[in-house]
Amino acid sequence: MEALKKQQQQQHMECQVAVVGAGVMGLSAALHLARMGKDTLLVDQFPRLHSNGSSGGRSRAIRQANQGHPALTSIMSAARNAWKNLEVEGGTQLYVPKSMVTLGNSEDSFSMEQMHRCAVAIEEATGEPPDWPSIDEANHMLGSRFPSHYVAQMDTTAGVLRADQCLKTLLKLFQSSGGRMVDNWDVKKIIPGKPVILYGEKGTIIADAVVLCPGVWAEKVLRPLQVNLPKLKLERICLEYWQTVEPDKAPPYVFIDLSNTSHPYYSLPPVEYPDLVKMVYHGGVVLNNVNEIEEVDLQSERDRSREYVKRFFPGLNPQSVREEYCLYTTTPDKEFIVDYHPRHNNIVYGVGFSGMGFKVGPVVGQTLAEMVTGNPTSLDFSAFSLARFGSKI
Ligand SMILES: Cc1cc2nc3c(=O)[nH]c(=O)nc-3n(C[C@H](O)[C@H](O)[C@H](O)COP(=O)(O)OP(=O)(O)OC[C@H]3O[C@@H](n4cnc5c(N)ncnc54)[C@H](O)[C@@H]3O)c2cc1C
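Just so you know, these numbers come straight off a predicted model, no measurement behind them. (Residues numbered from 1 in each chain as written. Predicted model: local features only at pLDDT ≥ 70, side-chain atom pairs only at ≥ 80, totals over all residues. Heavy atoms only, no water.)

Draft legend 1. Spatial organisation of the nonpolar core. Counting residues in each nonpolar core, the largest one holds 49 residues, and the members touching the most others are Trp83, Val211, Phe336 and Phe381. Those elements that place two or more of their residues in this core are strand S1 (11-20), helix H2 (24-35), helix H3 (72-90), helix H6 (163-176), strand S11 (203-212) and helix H9 (361-372). When residues in this core are grouped by element, the largest group, eight residues, is from H2. If we skip the residues at most four places from it in the chain, tryptophan 83 touches Val24, Ile62, Leu94, Tyr95, Leu161, Cys166, Leu170, Phe358, Lys359 and Pro362. Grouped together as the second largest cluster of nonpolar side chains are 28 residues, Val182, Leu212, Ala218 and Leu222 included. (Core = buried A, V, L, I, M, F, W, Y, C linked by side-chain atoms within 4.5 Å. Buried < 20%, exposed > 50% of the residue type's maximum accessible area, 1.4 Å probe, protein only. Helix = DSSP H or I, 4+ residues; strand = E, 2+ residues; numbered from the N terminus. Contact = heavy atoms within 4.5 Å.)

Here it is, written out as structure tokens:
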């Protein structure tokens, strides 16, 4: 009787394109598909706009300075414009412009190489080389005390994205374009083919094509489909907020410290909470798998950040007053992967966006939408295919 009842409650849905994952990537892809006139179904295992993955929270940095692959420069420029357009279309402020101060270490050749890569990206995007203020000027701007062998660089294109508002806007525009969403719907199994069949405990989805944006659940979703991903590093990140010693004295800049390039610190000015600076170590506790999230001990992360703030930021109280958590998924070369399924062109995916993906969300979504509908892509994402790891099957 119970089994019969369960069977009767099963949902059977059909669509032209199913998008799995309603983080920033999946939402963006779904919006583009709906706007292309595709009957699009967005599916997520959690309630909509949850904070369990990598897109939760209220803020993300956006910038043009890029020390990663040179192809990112034009992608980031396009993404900046896309966020500005979404802001107009959604009628909500998404992008708060704030110049960025980047610091490097003149005694460390790798750090300086990163600084120069950033300078090249800024000049390519804006037509102007960036300013390099003296470290004394930078310390004055940041209320910091970095030593004299540090160098500073400005990125005036930078800012803060109001991440929660970005997701809400994408969802609102998706739904007003005719898109449908089912949440609390865990996709357990995907059978490729024409059509693709997605099974979950709640029922079945039949789709002509599928976009997969599963975030930290990439291995679980893509391995059974025989997508030979490289080893992805999963990290639990502890985001801390620090109160200024004096009210209204928070530095109004985005800041990134590239002096220790393996794990930089960065900070965002108080856009979310008055007088609270978000200062974060760009790394965290490595997880063996996504199920370990709740077991992670973040005390060493807190201690390290407290030492950093104490040492370099006398204007901040060295005891954080607020903590939030997030997850990074990082590929071996720290660049993301956007590609087709190796044998089924009606399945595409985007994974491994580590700590930098939010800003490029709208153009990743656009690209995935173009790929899965068999259209040429407006931007060149070829540098981010799986083939670079030599593991295509
Ligand atoms: C602490 C932190 C700070 C960051 N700072 C910045 C920054 O300043 N600037 C920047 O540009 N980027 C930043 N990033 C990176 C950026 O936020 C991420 O790269 C981006 O949010 C990744 O989005 P996503 O859609 O790929 O993943 P997610 O947001 O994790 O979305 C994946 C979704 O897939 C769903 N899902 C997975 N498996 C299934 C399944 N089987 N069935 C149904 N649903 C499923 C999940 O529930 C989830 O909603 C930061 C990230 C973190 C964690």
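After presenting the structure, the write-up continues.
Draft legend 2. Local environment of the site of the ligand. The ligand sits among 37 residues. The nearest are Asp44, His50, Ser55, Ala61 and Cys326. Within the side chain of aspartate 186, an N or O atom sits 3.3 Å from a nitrogen atom of the ligand. Contact between the ligand and lysine 359: an oxygen atom at 2.8 Å from a main-chain N or O atom of the residue. For the ligand, whose unbound accessible area comes to 1,000 Å², protein coverage reaches 98%. For the shell around the ligand, the elements supplying multiple residues, two or more each, are H2, strand S3 (59-62), strand S12 (233-243) and strand S17 (322-330). By residue number, the principal contributor to the shell around the ligand is S17, which donates three residues. Partitioned by chemical class, the residues of the shell around the ligand number 22 nonpolar, 11 polar and four charged. Mapping the shell around the ligand onto the domain boundaries places at least three of its residues in each of domain 1 (2-56 + 164-230 + 333-389) and domain 2 (99-157 + 233-330). (Near = heavy atom within 4 Å. Polar contact = N/O pair within 3.5 Å; in protein donor to acceptor, adjacent residues only side chain to side chain. Areas by Shrake-Rupley, 256 points an atom, 1.4 Å probe, with all protein chains shown as cover. Nonpolar A, V, L, I, M, F, W, Y, C, P; charged D, E, K, R; others polar. Domains from an automatic or database assignment.)

Draft legend 3. Quick peek at the sheet that holds strand S7 (residues 159-162). Read from one edge of the open sheet, three strands run S3-S7-S4, paired in antiparallel fashion. One side of each edge strand has no neighbouring strand; the edge strands of this open sheet are S3 and strand S4 (95-97). With direction set aside, neighbouring strand axes in the sheet form an average angle of 30°. Pairing of S3 with S7, which is carried by four bridges, proceeds in the antiparallel orientation. Bridge assignment links isoleucine 62 to a residue of S7, and that residue is glycine 159. Against the sheet, H3 contacts S3, S4 and S7, and its axis sits at roughly 115° relative to S4. Packed onto the sheet, H6 meets S3 and S7 and runs at close to 50° relative to S7. (Pairing = 2+ DSSP bridges. Axes fitted to C-alpha atoms, helices over the stretch in contact; angles between N-to-C directions.)

Draft legend 4. Local environment of unusual backbone geometry. A cis amide bond, omega 5°, links lysine 194 with the succeeding residue proline 195. If you trace the backbone, proline 195 turns up in the loop between strand S9 (187-191) and strand S10 (196-200). Of note in this structure, aspartate 275 is not a glycine but carries a positive phi near 60°. Relative to the helices and strands, aspartate 275 resides in the loop between strand S14 (265-268) and strand S15 (276-281).

Draft legend 5. Representation of the domain arrangement of the chain. As assigned here, the chain comprises domain 1 (2-56 + 164-230 + 333-389) and domain 2 (99-157 + 233-330). In this structure, domain 1 and domain 2 have C-alpha centres spaced 31 Å apart. Taken together, the contacts link 11 residues of domain 1 with eight residues of domain 2. For the domain 1 face of the interface with domain 2, the top three residues by lost area are Val216, Ser354 and Gly355, together amounting to 47%. Between domain 1 and domain 2 we count zero salt bridges in total. For the side of domain 1 that touches domain 2, the residue count by class is three nonpolar, seven polar and one charged. (Buried area = accessible area lost by both parts, 1.4 Å probe. Salt bridge = Lys/Arg side-chain N within 4 Å of Asp/Glu carboxyl O.)

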